[in-house]
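# Fold and contact review
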Amino acid sequence: MTDSTLPGHQPTDRWAYWQALDSGRLLLLAAAAMLVTAGLAGAALGAHSRGNFPWPIALAFGGFIALGEVLRLALPGGREAAPIAMVGGMSYALLTDVQGKHLYHQSALVVIAVSATGMAVGALPHIAAGRSAGITGMCTRLVAVACVAFIFQPIAPRPGPPPSWQPEFAVTVLLVFFGWLVDTIVGALIRADDVGARFSVAIWDEMRLQWPLGLAVGASVIITVFGAQVMGLAELGVFLGPLLVTQVAFRRYAGIRATYLQTVRSLARVTEVAGYVERGHSHRVSRLAVAIGRSLGMAEPELLALEYGALMHDIGQLSLRDPIPGGATVLVSPADQDRIAELGADVIRQAGVLDEVADLVRCQSWPATGHDPAPPLSSMIIRAANAFDDMVGSSTDRDRSAAALERMRLDPVEYDSGVVAALAEVAGRRVASRL
Amino acid sequence: MVSRVAWLFIGLVVVVTALLVASASMVGPVWPAHFIHPVRALIVLQLLFLICDSARTPFAGRQAEWSPSSSATLAAVVLLGPVPAAMVGAVSVISMRGQLRLAERLFNGSMHGLSGLAAGEAYLAVHKALRSSLPMQPVLGMPNRHDFPGIIVPFAAAAVVHVLANHSLIWGVYRLDRGRGMLRREAVESSLPLLLVSDLGYASLGLVVASLWAVMGWFAAALVVVPLFVARWAMGQFAEQQRAYSATMNALCQAVETKDYYTRGHGDRVSRGAVMIARRIGMSPDRIEAIRYAGMLHDVGKLGVPTQVLQKTGPLTEDEYAAIQLHPMRGLEIVREIGFLYEALNGIMHHHERIDGRGYPMGLAGHEIPEFARIIAVADAFDSMTTTRSYREAKTLDQAIGQLREGAGSQFDPLLVQAFMVALGEEKWPFAELAGEPSDLAIVTVQDHDDPTAPLRVVIP
């Protein structure tokens, strides 16, 4: 058996890396490249003229950042974070005193040079293992660290015994928050470009998802900055233990989220294996539905429910004794459609944790107008995506797709016109990307 | 109830702890001389301990817990000394976890007290041994920058002693209280490396608290609570997602089975049987979790077998037989993209192989067959035999065991059959109950491919 016979494995044309560069990512890469150049040049000149550059501190933090990059963390939604690298970079930017050794005139350029070097070294194992180098993520982190370093440099406390720790603490808290904000906003910009979401939606998605990790990173930066005054560089080793434990907790959480999605994706295919629906149907419907939902400005939790609903929208057919010819629910009577939807919703409700998804599946057979109560937007999306795929299937024929869209447009009672408009846009994009 | 021996052990630990703490406070001063407001610090650390204690999170199949509370005790070791460290640990008697029994509270209090005391003494002893190489400083109290990195060795010794004391006392009480144990011994033992690492990781946080104390006083304790709670939040989310996952998996598997009247609940029972065997042969919790899902999903590929074949009364044609033989591959095709199921995939694909090599789909023999598949094969056949079929009544437990014995060495792995029989003697088997009559919608399997007593009849061309 070859992979190409498997549903869900349709060959998708991948764009070459440079072709996938959009304006946002290009801007970020350019900014990072400028920072790195300036940082390396500035640090080289500065170190040369000063002579007493604190090499051990730079090496320790650079190593810490490299380790953090090696131990990257996959977060839900295909995101990647490097919390330990972020702790290293931000603490190095905010460091003023290491066991009495003052760093008050540490240049922001040095911070950038050390962080960039650490990140580059940390990316090497990923490249060696054949994984993506994660350049976008590194650039985002570097820009965040650079912003913090540039702001902190002029306001860093002057030499001399500090009157009390509170003012410095307040400044550190504010700057850490600022750094998190930069990281999140840049991340949201890139993501909005990548998946075709609206920026206003992407930014809230990003914040909602990132704040717990951001909180842990922020507190860890503060602990590192103040702890270093007493513990010196030994702290990086001592504090690594708790940081790793926190990271393990996140890894497990992200892992089970990914497994959950994979499992629903896979098990949704039982209807295909059993011959109830055409191969690849649920996968295509879910991709279409998520793309429509995204272009209509739905947030990520809603999109997840929509994806689950779209994947399992035909699960009710399992309760039918014999498959519908061709599996196309669009061709059977409304009463049968209602029954399949109800049966599917019952199956999903059995789980006890996906009631929202069950409701989406139940309402998928309701017409867009004239039904009381009105179906939720997600159900209308599933209905439209399902109908479109039943008519077009895996074909990439433009005429066929245009005919299907025309038929749906002419039926505003059945299909919501806003959803169909979004579907037309998404389907156009889909065909274009395959040419 | 806690067994009598366990009570004795708990009493012993309580008395020993009390005596040791009393003698330690008799021998020297309880508080370090240079520490201002030591009682206030003690109370803050006790609060930190209680907060950490309430933030403990289950892992490894909810049979062990990790708790960051050792960081509070070890901070007390550095800041205040052995006796106050024991007092910090002892507050676990009034732990905010409500469901604890009195025996557990007493034991936890004295165990954490004793570990704190031992860690404190170890810290002082190693300090003394190393003193010649260290600048003369008061040993206890807030560490300052001249203490580093010299303080790390004594602290590491204290952390190791603390973790060892803790684990050996817990291990002791589980050994003695096995029947009603708070955790399963084998689960603790197999997750021990993970527990030790996380405990040492959190123990090192104690030194961070102590050092930050020198900069910002009690606020240090408040600051370290933040990452701890985020980690706890993540673990909580993990547990919640895992529950949701398992429920969803169950629902989907039921949906797959619901079509076939006589095999409803088959996946669930096979999964339980496989877990019984896996526990008996001492599999690690992670693998047990995987085999649970493998058992649940092992027949998912049967959906790909046309309904007419499943319902056929007469002998099967060669093509029909091939369709049935293909179902493990079909199952694999459905679940192969589920990332964590690596080993489970083998179990699903090969669950109809036979030890003598006459099974399908690959005809593997003996230990070529993956362990998961050998386990599922036993549970699968057993459930098939003990469930009613359209062509026969359910067999009794003894009849089914007899059949398994007969097949041991030819169809089944004898060691696993043995393990299953022992497990069946200890745990109740969830016999299938058929609800009502087959409805119109349901399919009635006429030839069960799992049934070793009634092999599929194939037309010989």
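Residues numbered from 1 in each chain as written. Chains lettered and ligands numbered in written order. Predicted model: local features only at pLDDT ≥ 70, side-chain atom pairs only at ≥ 80, totals over all residues.

## A few points about the overall build of chain B
- Scanning chain B for helices and strands turns up 18 helices and 2 strands.
- For chain B, with 461 residues in total, the buried portion stands at 48%.
- Contacts in chain B between residues at least 24 apart in sequence constitute 74% of all its contacts with a sequence separation of at least 6. (Helix = DSSP H or I, 4+ residues; strand = E, 2+ residues; numbered from the N terminus. Buried ≥ 20, exposed ≤ 12 C-beta atoms within 10 Å, placed from the backbone. Contact = placed C-beta atoms within 7 Å.)

## Considering the overall build of chain A
- Of regular secondary structure, chain A possesses 16 helices and 4 strands.
- Taken across its 435 residues, chain A has 49% of its residues classed as buried.

## Observations regarding unusual backbone geometry
All names here are of chain A.
- Of note, the amide linkage connecting D372 to P373 takes the cis form, showing an omega dihedral of -5°.
- Residue placement: P373 occurs in the loop between α13 (355-363) and α14 (377-392).
- One non-glycine residue, Q99, lies in positive phi territory at about 50°.
- Structurally, Q99 can be placed in the loop between β3 (97-98) and β4 (101-102).

## Quick notes on the interface of chain A and chain B
- Counting residues at the interface gives 57 residues for chain A, matched by 57 residues for chain B.
- Counting residues per element, the side of chain A that touches chain B draws most heavily on helix α8 (residues 234-267) of chain A, which supplies 23 residues.
- Here the residues of the side of chain A that touches chain B are counted per class, giving 35 nonpolar, 16 polar and 6 charged. (Nonpolar A, V, L, I, M, F, W, Y, C, P; charged D, E, K, R; others polar.)

## Brief notes about helix α5 (residues 135-155) of chain A
- Here α5 of chain A is 21 residues long and its end C-alpha atoms lie 31 Å apart, about the 30 Å a rise of 1.5 Å per residue gives.
- Taking burial as the measure, the 21 residues of α5 of chain A include 15 buried ones, the bulk of the element. (Expected span 1.5 Å × (residues − 1).)

## Here we look at helix α18 (residues 414-426) of chain B
All names here are of chain B.
- Its 13 residues place the ends of α18 19 Å apart at the C-alpha level, agreeing with the 18 Å of an ideal helix rising 1.5 Å per residue.
- Residues L416, V417, A419 and F420 constitute the buried set of α18. When α18 is viewed along its axis, its buried side chains cluster within an angular range of 160° and face the same direction. Relative to its buried face, α18 has exposed residues pointing more than 90 degrees away, namely L415, G425 and E426.
- Next to the buried residues of α18 lie α10 (266-280), α16 (371-385) and α17 (397-407). (Arc of directions from axis to C-beta.)

## Quick look at the packing of helix α1 (residues 4-27) of chain B against helix α6 (residues 152-176) of chain B
Residues and elements named next belong to chain B.
- Closest axis-to-axis distance for the α1/α6 pair is 8 Å, and the angle between their directions is 155°. It follows from the interaxial angle that α1 and α6 lie roughly antiparallel. As α1 packs across α6, the resulting crossing turns out to be right-handed. On α6, the residues that touch V5, A6, F9, I10 and V13 of α1 are L169, G172, V173 and L176.
- Each residue belonging to the contact of α1 with α6 can be placed in one class, and the counts come to 8 nonpolar, 1 polar and no charged. (Axes fitted to C-alpha atoms, helices over the stretch in contact; angles between N-to-C directions. Parallel < 35°, antiparallel > 145°, perpendicular 65-115°, else oblique. Left-handed = near helix turned anticlockwise from the far one by under 90°.)

## Focus on the environment of W233 of chain B
All names here are of chain B.
- In this fold, W233 is placed in helix α9 (residues 219-257).
- According to the C-beta neighbour criterion, W233 is partly exposed, with 18 such atoms within 10 Å.
- In this structure, the C-alpha to C-alpha distance between W233 and G28, residues 205 residues apart in sequence, is 42 Å.

## Comments concerning the packing of helix α12 (residues 334-350) of chain A against α13 of chain A
Residue and element names in this part refer to chain A.
- Where α12 contacts α13, the axes come no closer than 8 Å and their chain directions differ by 175°. By the angle between their directions, the pair α12 and α13 is classed as roughly antiparallel. On α13, the residues that touch A341, E342, G344, A345, I348 and R349 of α12 are D355, V357, A358, V361 and R362.

## Considerations on the environment of G409 of chain B
Residue and element names in this part refer to chain B.
- Checked against the element boundaries, G409 lands in the loop between α17 and α18.
- C-alpha separation for the pair G409 and G366, spaced 43 residues apart in sequence, amounts to 8.8 Å.
- When sequence neighbours within four positions are dropped, the list of residues in contact with G409 reads I355 and P414.

## Quick look at the confidence of the model for chain A
- With 88% of its residues at a pLDDT of at least 70, chain A reaches an overall mean of 85.
- Taken as a whole, residues 1-14 of chain A scores under 50 in pLDDT and shows 17 contacts with residues more than four places along the chain or in a different chain. (pLDDT = per-residue confidence, 0-100.)

## What to know about the confidence of the model for chain B
Residues and elements named next belong to chain B.
- Across chain B, the average pLDDT comes to 82, with 89% of residues at or above 70.
- The least confident element of chain B, judged by mean pLDDT, is helix α7 (residues 185-190) at 54; the most confident is α16 at 93.
- Confidence drops under pLDDT 50 across residues 179-185; counting only partners more than four residues distant or on other chains, this segment forms 13 contacts.
- For this predicted complex, the interface confidence comes out at an ipTM of 0.83, alongside a pTM of 0.85.

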